[in-house]
Amino acid sequence: QVQLVESGGGLVQAGGSLRLSCAASGRTFNHYSMGWFRQAPGKEREFVAAITWSGDRIDYADSVKGRFTISRDNAKNTVYLQMNSLKPEDTAIYYCAAKTAGWIPKRLVYEYDYWGQGTQVTVSS
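Keep in mind the model is a prediction, meaning the values are calculated, not measured.

Trainee: Mind showing me how you'd approach the pairing of strand β8 (residues 78–83) here?
Mentor: Within a regular strand, the side chains alternate between the two sheet faces. Burial analysis of β8 places five of its six residues in the buried class, which makes it a mostly covered element. One ladder, built from six bridges, connects strand β3 (residues 18–25) with β8; its direction is antiparallel. From the neighbouring strand, A23 faces β8, where its bridge partner is T78. In terms of strand pairing, strand β7 (residues 68–73) meets β8 through six bridges, oriented antiparallel. Note that in β8 the partner of S71 across the bridge is Y80. The antiparallel hairpin formed by β7 and β8 contains four residues in its connecting segment, where N77 sits at a positive phi of about 55 degrees.

Next up, the structure:
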């Protein structure tokens, strides 16, 4: 099994940047596709970005294209989400997730096998 721990959340001003990290332990990061999701109060958890285990395929939600960048460093068992030009509507709890046999990036919550506890991102206006 894999344990995931997110970090890097916090309070930032609109237009600012933040980098989230997700550290994995318990099993090699290799061959896991990774995803980032977010959930605002009263809203369903929504897809943000995903990356295959090799990093050769990447997918983004339309709302974050051009602003967010997902990347991974398998040697460090870590996946990142660089968030630039942040907007108040980006405010949410951000979760990372892992999917076995990660040959294709996934967009749906139920497709993932492991989840972190989340990290709060708040963007002030």
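Trainee: Would you take a moment to explain the side chain of R38 for this structure?
Mentor: For R38, the location among the structural elements is in strand β4 (residues 33–39). For R38, a relative accessible area of 6% puts it in the buried group. Polar contacts involving the side chain of R38 include one to the side chain of D90, which spans 2.9 Å. Residues contacting R38, with those up to four places away along its chain left out, are E44, R45, E46, V48, S63, V64, F68, E89, D90, A92, I93 and Y94.

Trainee: Just to check I follow, could you spell out the pattern of salt bridges for this structure?
Mentor: Should the charged atoms of two oppositely charged side chains come close, the side chains can pair. Overall, the coordinates contain five salt bridges when judged by the stated rule. Here E46 makes a salt bridge to R38, at a shortest N to O gap of 2.7 Å. Assessed through its relative accessible area of 36%, E46 is described here as partly exposed. Through salt bridges with shared partners, a single network forms among R38, E46, R67 and D90.

Parameters at a glance
Residues numbered from 1 in each chain as written. Predicted model: local features only at pLDDT ≥ 70, side-chain atom pairs only at ≥ 80, totals over all residues. Heavy atoms only, no water. Buried < 20%, exposed > 50% of the residue type's maximum accessible area, 1.4 Å probe, protein only. Helix = DSSP H or I, 4+ residues; strand = E, 2+ residues; numbered from the N terminus. Pairing = 2+ DSSP bridges. Polar contact = N/O pair within 3.5 Å; in protein donor to acceptor, adjacent residues only side chain to side chain. Contact = heavy atoms within 4.5 Å. Salt bridge = Lys/Arg side-chain N within 4 Å of Asp/Glu carboxyl O.

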